[in-house]
Amino acid sequence: ITGKIISSKHAPGSVLGAAALIAGTTVGASILALPEAVAPVGFLPSSAAFIGAWVYMGISGLLLAELTINRIGETGRPGVGVLEVYKNSLDRPWTAVGMAAYFFLHYSI
């Protein structure tokens, strides 16, 4: 042992890397499997369904991001979980519905 201190730096992620990760997972499901599954319905109805799903997911993602950023501002903590956001922004019955949907989603994956 020479007494040298070895340090390592964590390289921060890049926007390009994050975009490539999201695009790669999207390509696997939507470009390969979904068009094959909805082909009997026809091009226009399936395209409308895909666009509608995309709009819904985009809006719900932006709303969740806004709630999370507001909760981070309220608590001062750098990270907040989805379940904590549900507990602090929804009434009790809707919190249970949101938590059940969250657990079901992760159970199904």
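Within each chain, residue numbers correspond to sequence positions counted from 1 in written order. Local features in this predicted model are restricted to residues of pLDDT 70 or higher, and side-chain atom pairs are both shown and tallied only at a pLDDT of 80 or more, whereas totals for entire chains, interfaces and linings draw on every residue. Side-chain measures here rest on the full set of heavy atoms in the structure, leaving out hydrogens and waters.

Asker: I tried to follow the pattern of salt bridges on my own but got confused; where do I start?
Answerer: Side-chain pairing between opposite charges can occur once the charged atoms of the two side chains come close. Salt bridge, as used here: a side-chain nitrogen of Lys or Arg that lies within 4 Å of a carboxyl oxygen of Asp or Glu. Taken as a whole and judged by the stated rule, the model has three salt bridges. Here Glu84 makes a salt bridge to Arg71, at a shortest N to O gap of 3.3 Å. One end of the pair, Glu84, is in helix H3 (residues 82-89); the other, Arg71, is in helix H2 (residues 43-75), and 13 residues separate them in sequence. It is possible to trace a salt-bridge network through shared partners that takes in Arg71, Glu74, Arg77 and Glu84. Secondary structure follows DSSP: runs of H or I at least 4 residues long count as helices, runs of E at least 2 residues long count as strands, and numbering of each begins at the N terminus.

Asker: It is not clear to me how the confidence of the model for the protein chain should be interpreted in this structure. Could you clarify?
Answerer: Should the pLDDT be low somewhere, the predicted coordinates at that spot are not to be read in detail. Scored by pLDDT, the protein chain has a mean of 82; 88% of the residues are at 70 or more. The predictor attaches a confidence to each residue, called pLDDT, with possible values from 0 through 100. At the low end of the mean pLDDT range in the protein chain sits helix H1 (residues 15-38), at 78; at the high end sits H2, at 89.

Asker: Please explain the packing of H2 against H3 as it appears in this structure.
Answerer: Helix-helix packing is characterised by the crossing angle of the two axes and by the distance between the axes. The axes used here are C-alpha line fits, helices contributing only the stretch in contact, and every angle between their N-to-C directions lies in the interval 0 to 180 degrees. Where H2 contacts H3, the two axes come as close as 10 Å, and the packing angle between them is 80°. Looking at the two axes, H2 sits roughly perpendicular to H3. Residues Leu64, Leu67, Thr68, Arg71 and Thr75 of H2 touch H3, and the partners they reach there are Val82, Glu84, Val85, Asn88 and Ser89. Gly falls in the polar group here, along with every residue not listed as nonpolar (Ala, Val, Leu, Ile, Met, Phe, Trp, Tyr, Cys, Pro) or charged (Asp, Glu, Lys, Arg). Class assignment for the residues of the contact of H2 with H3 results in four nonpolar, four polar and two charged. Our angle categories are set so that under 35 degrees counts as roughly parallel, over 145 as roughly antiparallel, 65 to 115 as roughly perpendicular, and the remainder as oblique. Every residue pair with non-hydrogen atoms within 4.5 Å of one another is taken to be in contact.

Asker: Looking at this structure, I do not really get the packing of H3 against helix H4 (residues 92-108). What am I missing?
Answerer: Here H3 crosses H4 at 165°, and the two axes come no closer than 9 Å. As summarised for this structure, H3 and H4 are arranged roughly antiparallel, according to the angle between their axes. The hand of the H3/H4 crossing is right-handed. On the side of H3, the interface is formed by Val82, Leu83, Tyr86 and Lys87, while H4 contributes Thr95, Gly98, Met99, Tyr102 and Phe103. Partitioned by chemical class, the residues of the contact of H3 with H4 number six nonpolar, two polar and one charged. We call a crossing left-handed when the near helix sits turned anticlockwise from the far one by less than a right angle, and right-handed when that turn is clockwise.

Asker: Would you mind showing me how to read a nonpolar patch on the surface here?
Answerer: In this analysis, a patch consists of residues with relative accessible area above 30% that form no salt bridge, clustered at 9 Å for like charges and at 5 Å for the nonpolar side chains Val, Leu, Ile, Met, Phe, Trp and Tyr. Each accessible area is a Shrake-Rupley estimate made with a 1.4 Å probe; only the visible protein chains count as cover when residues are assessed. Together, Ile51, Trp54, Val55, Tyr56, Met57, Ile59 and Leu63 make up an exposed nonpolar region whose accessible area comes to about 820 Å². Structurally, Ile51 can be placed in helix H2.

Asker: Is there a simple way to explain the layout of surface pockets in this structure?
Answerer: Vacant regions in the atomic arrangement are exposed by a probe of water-molecule size rolled over the atoms. Put simply, the grid is 1 Å and covers the protein atoms alone, a cavity is a trapped set of points that fit a 1.4 Å probe, a pocket is an open set with protein on both sides within 12 Å along at least five of seven lines, and lining residues have an atom within 4 Å of a point. Grid points are joined across faces, edges and corners, and a volume is the space filled by probe spheres set on the points. Approximately 490 Å³ is the volume found for the largest pocket. Forming the walls of the largest pocket are 15 residues, and the residues nearest its centre are Tyr56, Ser60, Leu64, Val82 and Tyr86. Put simply, the parts of the chain that give the lining of the largest pocket at least two residues each are H2, H3 and H4. If one sorts the elements of the lining of the largest pocket by residue count, H2 sits on top with seven residues.

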